[in-house]
Amino acid sequence: MQNILVCDDDKQIVEAIDIYLTGEGFHVIKAYDGFEALELLEENEVDLMILDVMMPGLDGIRTTLKVRETSSIPIIILSAKSEDTDKILGLNIGADDYITKPFNPLELVARVKSQMRRYTQLGNMNQQPAGQIYKCGGLAINDDNKEVTVDDEIIKLTPIEYNILLLLVKNEGKVFSIDEIYEQIWNEEAIGADNTVAVHIRHIREKIEINPREPRYLKVVWGVGYKIEKQ
Amino acid sequence: MKKRKEKAILAHLLFSLLVVIGVSVMYNNTHYGEGIGWIANESYEDTPEFSGQLKSDIDDIFNYVKYKEVFETNGKLDYSKFIIRVADGPGTTKDFTLDEMIRHAKSQGYYLNEQFKVSGGHPNNKTGEELNYQVVYRAYEPDFKAAEPGDSFQSIDQLSYEVLSHLGNYYRFYYRFIQNPGNLKFEIQYQNTDKDYKLYTNFPGKTVDEFKSLGKYLYVTGEALYVDSNLTSVPKNVSPELEKMNPYNNGNYHMSVAVDTSYPYKDAYYQAAESYDQMRLFFIIGMICLALGILGCAATLYMMVLLTGAPEEQNPSPLMQRMDRLPAEISLVLYFAASGIALLVSQLIFFKIIHLFLSTEDWYYGELVLKVLILYVTGVSAVLNILKQYKSGVLWKNSLLNKGLRTLLLYFKHHRFTTRIMITYSLFLIFNVVMIMAFSFLLFTYNDLESRILMGAVAFLFLLLDLWVFHQMYKNAWQTDQINQALLNISNGNTTYKIDTKLFYGKERELAENINHISTGLETALQEKVRSERLKADLITNVSHDIKTPLTSIINYVDLIKREKIQDPRIQGYLEVLEQKSQRLKTLTEDLVEASKASSGNLKLDMTSIDFVELIYQTNGEFEEKFALRHLELVSTLPDDAMLIEADGRYLWRVLENLYNNAFKYAMEHSRVYVDIMKEEENILFTIKNISENPLNIRADELTERFVRGDVARTTEGSGLGISIAKSLTELQGGQFQLYIDGDLFKATVAFPLKK
């Protein structure tokens, strides 16, 4: 059984998270401020931490910094602060994910699972089946058997969606415009391109992202094109 | 401490006295007026006076040589000597001896005084009959030739007078150089043979070297062409005169003249030398006194200047305080009056005292010294008084000039601009008219040099004033320009603009300062507004954070209840409402934060080149399926080419997202939504049009206001901030956002300048 340390000064929120995560088969250790979290972290073997930012005593940011001094377990920050600067700060100081309040319980669970899989996988990376495999973070494309996995979960894509994703993953970080994608995938000149590519992209995003509105892999560069973010 | 100033004053007086002494000694010196060069001659023998004296004495020696032949026989005065021959008839002559002539002179009352000058009257100018003697020969003037025949006729009185005066000359010399021993020694010898010679001397039997050893000497021989002498200037006529006197036809003669510079005899040389040394000493002492006095005066004056108005003088006597408070002009007038009175008093009293002590020729000098002293004392006191006022900083404040100017300024300062212009222009006009009149008057009345110069001066003054007026006008115009510039800047929103009021004067300065106040006020108000806007944004952000935490619990627990799989449809309905409303609250708080940030400009923009067409494709892709849910058909008309603009992609997407969402929420089902991009001049114009499901009983501008929406829509899921956020974000990125409502037609346009 995997231990998850949940820390928030709002007891009801901790309680709710406890219910969701216990339902998914995790063991939850509860803490209500930063100091308590650090103590419990020492006493127990913790596999993942969920931390609120605004807490009395030691806040989430400082707690994360403290934890990072000794441990590399996944940390998900859960905060009411939803500005970009807050997210960037949280991720920069060592958090692995950032979820804003109020959150969707299903999303939280999905993200916890994702982080957990990646964390436990780190040791047996080499045991991946041989073949033409493109990886990008938790996203993996096996071109031999046309299989796409996100955090080891198999994703089902249509052939066009698969081709688009493969094109983007192969050129990780490069931005493709709609016309470029169209020409590459359909092999014909893009005259009067329509919404087709954008719709396909949206579908891919819905399949591979936990929250399609805040994509992790397939990012929209508005007014320019699409790209797979370098992890 | 006050003693120090008194000491300084005392010292100054003493030094002044020293100056007076020095000047007096120098002024009363016999050598006054010869400049300073004369003291360079260390002794009397080097001076021109000595040379002059010696030259006149040498002339006398030659005279003596002449007279000796005339009046003496064997070295003695011979009264029986023939002296004058006259023709008293045709062919007959008559001779007169010295004795006869002298006796005649005596009978006429003529005699020789102590100076050996003829006294006792003068022979009258006789008429023709009396001039009965034609002088044939005069022993003392053997070469006399009458220029006109009449000139040789003389009366016996005139002849005797003439003889007596020549005898006087002879006596004088004889008395000075032969009879009484003197410092001047001479020897003249003409030699024909050993026996036949003529010797004139008062220093007999001495060699040339003995002459030379006396001091200053002169030695001339018939053979040598030069004059052997140690004099600073040798009389030029010595050699010719000597040759002229030579009775023999040879060069065997010599002349030795020497002055015994030890001055054993108290004669004219002795007195002159003595006086010279004394005067020289006095003169030098005088100079030293003067120099010391001037130095001392300067030093003590400096001390007085330093000590005047010094802190230790802060508690002077009440009288002095009152004196110091007087306006400078009045002080000056008082000092003038004081010096005038002092001069008058001195004229009445002290001049008389001076007259008692000094000889007549020194009166003028004494009076002058006194006058100068009085003027000096009052002058220095006046200057020190002014200095004191200056040091205590009240000179200008107390002065009448200042008070007058201030009174005068009253006529100018507190008037309106128009009045001021009127007054100054009138003054200018009057001055000009007066000047022109004066100029023409001078031009037509006088034409000599002085009036020309005066005219020139008048013209110059005239020009100067007109230039000054021009300068003032220019300055005024410049100030107006500056004020205009400032107002332009402020009206353009640059509220930090300030006028440098140092460059302004008078009423314009007031104006400039007021403008500065206005801009400061505007700036403060603006900053206050920005600050309060930011505070509001912060407040909204913080409140929304505080709302989000309980909201999280609500949403989570509603979800948890839902998971309990309650079968009761009523409770399921309640839960539906709870879920919907809590979700609405969530969007509301998020939109609220975004709206406040967008409207306060509290966002960091990352402006890049964006293809608007690509963005529309992307957005269409995002919304196509969503629109299909409400059976909305998306009809887009887009250009084939890329349309580049400068914007932040994320925020422009938010604009479009809000507009598309708006259409999605409020468009009538089964209708079409039109999206197109047009190039209009330099702008790219994006338009989205749809038909509203509900009547739009609202003005377009109200729609962009926060929280304002069509009534009916209030029950739906939106926050009502979408359009407002879209407008704010568009404008933040430099675009233009407009709404049109025409019946049920809802149209929104977003325009951005096309990037070149």
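The structure displayed is predicted, hence computed values, not measured ones.

Draft legend 1. Up close: the overall build of chain A. Looking only at helices and strands, one finds eight helices and eleven strands in chain A. Per-residue burial over chain A gives 37% buried out of 231 residues. Taking the intrachain contacts of chain A between residues at least 6 apart in sequence as the baseline, contacts between residues at least 24 apart amount to 55%.

Draft legend 2. Up close: the packing of helix H14 (residues 449–491) of chain B against helix H15 (residues 506–563) of chain B. All names here are of chain B. In contact at an axis separation of 11 Å, H14 and H15 are set at 10 degrees when each is read in the N-to-C sense. Classified by the interaxial angle, the pair formed by H14 and H15 is roughly parallel. From H14, Asn-476, Gln-479, Ile-483, Ala-486, Leu-487 and Ile-490 reach across to H15, where they touch Glu-508, Leu-511, Ala-512, Ile-515, Ser-519 and Leu-522. Split by residue class, the contact of H14 with H15 holds eight nonpolar, three polar and one charged.

Draft legend 3. The environment of Tyr-79 of chain B, seen in detail. Residue and element names in this part refer to chain B. Structurally, Tyr-79 can be placed in the loop between strand E2 (76–77) and strand E3 (82–89). C-alpha separation for the pair Tyr-79 and Met-101, spaced 22 residues apart in sequence, amounts to 9.6 Å. Other than its neighbours up to four places away in sequence, Tyr-79 contacts Thr-97, Leu-98 and Asp-99.

Draft legend 4. Region of the structure containing the nonpolar core. Leu-218 of chain A together with Phe-612, Leu-615, Leu-652, Val-655 and Leu-659 of chain B are the most contacted members of the largest nonpolar core, which has 67 residues in total. Counting residues per element, this core draws most heavily on helix H18 (residues 649–666) of chain B, which supplies nine residues. Excluding its chain neighbours within four sequence positions, the residues that come into contact with Phe-612 of chain B are Gly-223 of chain A together with Met-643, Ile-645, Ile-677, Ile-684, Phe-686 and Phe-752 of chain B. Formed by 49 residues, the second largest nonpolar core is a distinct cluster that contains Ile-58, Ile-61, Tyr-67 and Leu-214 of chain B.

Draft legend 5. Here's a closer look at the sheet that holds strand E11 (residues 215–221) of chain B. Residues and elements named next belong to chain B. With antiparallel pairing, five strands are arranged side by side in an open sheet as E10-E9-E13-E11-E12. Of all the strands in the sheet, just strand E10 (197–201) and strand E12 (228–229) have a single pairing partner and so form its edges. Sheet topology note: the E11/strand E13 (residues 253–260) ladder contains seven bridges and is antiparallel. Its bridge partner lying in E13, Tyr-219 is registered against Ser-256. Set on the sheet, helix H2 (residues 48–71) makes contact with strand E9 (184–191), E10 and E13; between it and E9 the angle comes to about 45 degrees.

Draft legend 6. Fine view of the sheet that holds strand E4 (residues 75–79) of chain A. All names here are of chain A. One open sheet accounts for five strands, arranged E2-E1-E3-E4-E5; its pairing is parallel. The open sheet terminates on both sides in strands that have one partner only, identified here as strand E2 (27–31) and strand E5 (97–100). Along the sheet, successive strands turn relative to each other by an average axial angle of 20 degrees, direction set aside. Note: strand E1 (residues 3–7) against E2, five bridges, orientation parallel. If you follow Ile-4 over to E2, its bridge partner there is Val-28. In the packing of helix H1 (residues 11–23) onto the sheet, contacts are made with E1, E2 and strand E3 (48–52), and the angle to E2 comes to roughly 170 degrees.

Draft legend 7. Here's a closer look at the interface of chain B and chain A. Chain B puts 30 residues into the contact, and the matching count from chain A is 28 residues. Those elements that provide at least two residues to the side of chain B that touches chain A are H15, helix H16 (569–600), strand E14 (608–611), helix H17 (612–629) and H18 of chain B. The element that contributes the greatest number of residues to the side of chain B that touches chain A is H15 of chain B, accounting for eleven residues. Taken together, the residues that form the side of chain B that touches chain A break down as ten nonpolar, nine polar and eleven charged.

Draft legend 8. Layout of the environment of Gly-75 of chain B. Residues and elements named next belong to chain B. Positionally, Gly-75 belongs in the loop between strand E1 (72–73) and E2. Judged by the 9 C-beta atoms lying within 10 Å of it, Gly-75 is exposed. Considering only alpha carbons, one finds Gly-75 and Tyr-200, 125 residues apart in sequence, at a separation of 9.7 Å.

Draft legend 9. Highlighting the confidence of the model for chain B. Predicted confidence across chain B gives a mean pLDDT of 82, with 93% of residues reaching 70 or more. Two summary scores accompany this predicted model of the complex, namely pTM at 0.51 and ipTM at 0.81.

Draft legend 10. Molecular detail of the pairing of strand E20 (residues 745–753) of chain B. Residue and element names in this part refer to chain B. Of the strand pairs in this sheet, strand E18 (residues 683–691) and E20 are connected by nine bridges, and their pairing is antiparallel. Note on E20: the bridge partner recorded for Ile-684 is Phe-752. Hairpin geometry of strand E19 (residues 736–742) and E20 is characterised by an intervening segment of two residues between the two adjacent antiparallel strands and by a positive phi of about 65 degrees at Gly-743.

Draft legend 11. Main features of the pairing of E4 of chain A. Residue and element names in this part refer to chain A. The buried fraction of E4 is high, at five of five residues. Residues of E4 alternate between two faces, with Ile-75, Ile-77 and Ser-79 on one and Ile-76 and Leu-78 on the opposite face, all of them buried. Note that E3 and E4 share four bridges and pair parallel. Within E4, the residue paired with Leu-51 across the bridge is Ile-77. What joins E3 to E4 is helix H3 (residues 60–70), and the crossover it makes is right-handed. Where E4 and E5 come together, four bridges link them in parallel fashion. Note that in E5 the partner of Ser-79 across the bridge is Thr-100. On the question of chirality, the crossover connecting E4 to the parallel E5 by way of helix H4 (residues 84–92) is right-handed.

Calculation criteria
- Residues numbered from 1 in each chain as written.
- Chains lettered and ligands numbered in written order.
- Predicted model: local features only at pLDDT ≥ 70, side-chain atom pairs only at ≥ 80, totals over all residues.
- Helix = DSSP H or I, 4+ residues; strand = E, 2+ residues; numbered from the N terminus.
- Buried ≥ 20, exposed ≤ 12 C-beta atoms within 10 Å, placed from the backbone.
- Contact = placed C-beta atoms within 7 Å.
- Axes fitted to C-alpha atoms, helices over the stretch in contact; angles between N-to-C directions.
- Parallel < 35°, antiparallel > 145°, perpendicular 65-115°, else oblique.
- Nonpolar A, V, L, I, M, F, W, Y, C, P; charged D, E, K, R; others polar.
- Core = buried A, V, L, I, M, F, W, Y, C linked by C-beta atoms within 7 Å.
- Pairing = 2+ DSSP bridges.
- pLDDT = per-residue confidence, 0-100.
- Right-handed = clockwise from strand over helix to strand, strands pointing away.

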